[in-house]
Amino acid sequence: MLSLWAKTSGTWINVATVIAGTSLGLLLRSRLPRAMQQVITQAVGLMTLVIGVAMAGSLSAVQVGPLDGIILALLVMVAGGLLGEWGQIEKRLAGLGDWLKAQVKGGGQFTEGFVAASLLFCIGPMAILGSLNNGLSGDNTLLTLKATMDGLASIALTGSYGVGVGFSALSVLVVQGSLSLLASVSGAAIPDPDTNPYILLITGMGGLMILGIGLGLLEIAPIRVASFLPALVLGPLVIALFRLWSGMV
């Protein structure tokens, strides 16, 4: 029987690196010229685009009946985006950021930093698979690697957005901790995660959202990324319903 620490150790390490990265970012922020801060943010933005493209590539490996992964992702993203707008997810998430901002008397782009960092750190295969692996077997290797990357990204993001980035550690704790605990309770490993269509579809759509974050960091286009979050639930649901329907006909 794994202890609570063994099941969630990777999440706690990730929380610590985000807080440490934010602290270092705040320290450097007052010492670096604005141009240097922008260069750091642009570097993170460009790398975010690369990660997003790499993740989105997994859609080409998905095939659900007559639909390939790209078409399926498009349909699900549109449906999920409409649901997200109907449920005002972007507004509610921003409202949470504003509430936190008021509690800690944060200034500047506190809410933007909280939202952007939360989405960047909590969406992606490393967050999902790492949390599941940590909860199932106690192995935190993948989450430790992710924690290192998130810590470095926190330094750069804090230079642009400020202390709001550090509060994304709460999102990391809730999302990754919940996934790890759910995995430990279920006790069922995901078969072949590298080829599992559920994981591939979530990864691919997560990559598209990460691309949206990158475009925002580079100030190319303001993408309402949070509104697409329901797609991460709708995608696997569509696959499950299609498999159920196929088994009935």
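For the structure itself, consult the block above.
The structure displayed is predicted, hence computed values, not measured ones. (Residues numbered from 1 in each chain as written. Predicted model: local features only at pLDDT ≥ 70, side-chain atom pairs only at ≥ 80, totals over all residues. Heavy atoms only, no water.)

Caption draft 1: Highlighting the environment of K146. Assignment of secondary structure puts K146 in helix α7 (residues 141-161). Taking the relative accessible area as the measure of exposure, K146 reaches 5% and is therefore buried. If near-sequence neighbours (up to four positions away) are discounted, K146 is found in contact with N14, F121, M126, A127 and Q176. For K146, the side chain forms a polar contact with the side chain of D150, separated by 2.6 Å. (Helix = DSSP H or I, 4+ residues; strand = E, 2+ residues; numbered from the N terminus. Buried < 20%, exposed > 50% of the residue type's maximum accessible area, 1.4 Å probe, protein only. Contact = heavy atoms within 4.5 Å. Polar contact = N/O pair within 3.5 Å; in protein donor to acceptor, adjacent residues only side chain to side chain.)

Caption draft 2: Structural detail: the packing of helix α2 (residues 34-56) against α7. With their axes 8 Å apart at the nearest point, α2 and α7 run at an angle of 135° to one another. By the angle between their axes, α2 is oblique relative to α7. Both α2 and α7 take part in a crossing whose hand is left-handed. Listed contacts from α7 to R34, Q37, I40, T41, V44 and I51 of α2 are M149, A156, L157, G159 and S160. Of the residues that constitute the contact of α2 with α7, the class distribution is six nonpolar, four polar and one charged. (Axes fitted to C-alpha atoms, helices over the stretch in contact; angles between N-to-C directions. Parallel < 35°, antiparallel > 145°, perpendicular 65-115°, else oblique. Left-handed = near helix turned anticlockwise from the far one by under 90°. Nonpolar A, V, L, I, M, F, W, Y, C, P; charged D, E, K, R; others polar.)

Caption draft 3: Representation of the packing of aromatic side chains in the model. Inspection of the entire model under this criterion finds two aromatic pairs. Seen in terms of ring centroids, F110 and F167 are 5.4 Å apart; in terms of plane orientation they differ by 55°. Their pairing is tilted. With F110 in helix α5 (residues 110-122) and F167 in the loop between α7 and α8 (168-186), this pair connects stretches of sequence that are 57 residues apart. Consider the rings of F242 and W245, whose centres lie 5.9 Å apart with planes at 45°: the pair is tilted. Remark: W245 and F242 occur in helix α10 (residues 231-248); sequence separation between them is three residues, near one turn of the helix. In this structure F242 comes out as partly exposed when scored by relative accessible area, which is 25%. (Phe/Tyr/Trp six-rings, centres within 6.5 Å; stacked < 30°, edge-to-face > 60°.)

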